[in-house]
Amino acid sequence: MIRKCLFPAAGYGTRFLPATKATPKEMLPVLTKPLIQYGVEEALEAGIHTMAIVTGRGKRAIEDHFDISYELEHQIKGTSKEPLLHEIRALIDRCTFSYTRQREMKGLGHAILTGETLIGEEPFAVLLADDLCENSGGQGVLGQMVTLYNKHRCSIVAIEKVPRHETDKYGIVAGEEIGEGLYRVHDMVEKPSPEKTPSTLAIIGRYILTPDIFDILRETPPGRGGEIQITDALLRQARKGRVLAYRFQGQRFDCGSVEGFVMATNHFYKKFHS
Ligand code: G1P
């Protein structure tokens, strides 16, 4: 059973400067909700109630967001604005949040290893909040992956097909299709060039990881960009046939880029105002 979701949230968000100079990128809102709240809602929908957040310097707004704001609630009590806080209040009442800080930015693999103290010895989910995913009317992406995990009991990465000229933005997997949209992974490369990529199946920010990943990460040397890459650690599991890649149902917006962020904003605006 997957009980915990890890949110690596220590990155600088340089692509959104100056907006992210003093505001965590995870707190940028799509309409009125910060990105990380969409992520927490997706985890909750997948039956996960424990949110483990890896933060860093300048990220305290995330902790405040998932806490009660007595002063604000007192101010707006009885006014027309009161319902605006109901959704987040109901959300935080259903979850527990724990935090640890990543002191140095040494890559996604390092961020996940930093979260070990919050996870312990159990399988867990990882959600990168700047990949905003939606499956209108159906099960969320993490929910789909939890269902798969319960059947296969191994690490799982969410994937989608990307244009060949974009493979150097993603972790790329190659494998054998063993079911509808489900692959047994035999190769994984972090951000390969379009000329050298083993496929065009790109990892997007949803993972289910078995806890042996922590020992593997401890031994994983810096890879692409001099950073400790989760893709390299997963390759060790993949070589033993223990990684699946899943083409999820739904739509994903790359809110780590301004273009993707605007697309997400337009999508949700149309959805809620038409
Ligand atoms: C990270 C991972 C990459 C993955 C991507 C998904 O890259 O390293 O393998 O494809 O997230 O968003 P980043 O976007 O942090 O550079």
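For the structure, see preceding data.
Residues numbered from 1 in each chain as written. Predicted model: local features only at pLDDT ≥ 70, side-chain atom pairs only at ≥ 80, totals over all residues. Heavy atoms only, no water.

J.: What's the story with the overall build of the protein chain in this structure? I'm lost.
T.: Scanning the protein chain from N- to C-terminus turns up 10 helices and 13 strands. A compact globule built from 274 residues would reach a C-alpha radius of gyration of about 19 Å, and the protein chain, at 18 Å, matches this within 12%. Each principal axis of the C-alpha distribution contributes one length, and for the protein chain these read about 60 × 40 × 40 Å. The long-range share in the protein chain, meaning contacts at least 24 apart out of those at least 6 apart in sequence, stands at 76%. (Helix = DSSP H or I, 4+ residues; strand = E, 2+ residues; numbered from the N terminus. Rg over C-alpha atoms; globule rule 2.2 N^0.38 Å. Contact = heavy atoms within 4.5 Å.)

J.: Looking at this structure, I do not really get the pattern of salt bridges. What am I missing?
T.: If charged atoms from side chains of opposite charge come close, those side chains can pair. Scanning the model with the defined rule gives 19 salt bridges in all. Here the salt bridges share partners, and the residues they tie into one network are Arg3, Lys4 and Glu122. (Salt bridge = Lys/Arg side-chain N within 4 Å of Asp/Glu carboxyl O.)

J.: Before we go on, may I ask you to explain the site of the ligand in this structure?
T.: Around the ligand sit 13 residues in total, of which Asp131, Gly171, Glu190, Lys191 and Ile203 are the nearest. Gly171 places a polar main-chain atom, nitrogen or oxygen, 2.9 Å from an oxygen atom of the ligand. In this structure, Thr231 approaches the ligand through a side-chain N or O atom, which is 3.4 Å from an oxygen atom. Taken by itself the ligand offers 380 Å² of open surface, and the protein chains cover 75% of this. (Near = heavy atom within 4 Å. Polar contact = N/O pair within 3.5 Å; in protein donor to acceptor, adjacent residues only side chain to side chain. Areas by Shrake-Rupley, 256 points an atom, 1.4 Å probe, with all protein chains shown as cover.)

J.: Teacher, can you tell me more about the side chain of Glu26 here?
T.: On the secondary structure map, Glu26 appears in the loop between strand E1 (4-8) and strand E2 (29-30). Assessed through its relative accessible area of 5%, Glu26 is described here as buried. (Buried < 20%, exposed > 50% of the residue type's maximum accessible area, 1.4 Å probe, protein only.)

J.: What's the story with unusual backbone geometry in this structure? I'm lost.
T.: The omega angle of the peptide bond from Leu17 to Pro18 is 5°, so this bond is cis rather than trans. Note that Pro18 resides in the loop between E1 and E2. The phi dihedral of Leu31 falls on the positive side, at around 60°, and the residue is not glycine. Topologically, Leu31 is positioned in the loop between E2 and strand E3 (33-34). On the basis of relative accessibility, which here comes to 26%, the residue Leu31 falls in the partly exposed class. Positive phi, close to 50°, is recorded for Lys191, a residue that is not glycine. Residue placement: Lys191 occurs in the loop between strand E10 (182-190) and strand E11 (201-209). Judged by relative accessible area, Lys191 falls into the partly exposed class, the value being 26%.

J.: Whenever I open this one, the nonpolar core confuses me. Can you help?
T.: The nonpolar side chains of a soluble globular protein tend to be buried with one another. Ranked by size, the top nonpolar core spans 39 residues in total, and within it Cys5, Phe7, Ile48, Met51, Phe66 and Leu142 carry the most contacts. A total of six residues in this core trace back to one element, the largest contributor, which is helix H7 (residues 141-152). Listed in part, the 32 residues of the second largest apolar core include Leu209, Ile216, Ala233 and Val243. (Core = buried A, V, L, I, M, F, W, Y, C linked by side-chain atoms within 4.5 Å.)

J.: For this particular structure, what's the right way to read the environment of Tyr70?
T.: Relative to the elements of secondary structure, Tyr70 occurs in helix H3 (residues 70-76). Here Tyr70 falls in the exposed class, since its relative accessible area comes to 63%. As for Tyr70 and Ser155, which are separated by 85 residues in sequence, their C-alpha atoms are 41 Å apart.

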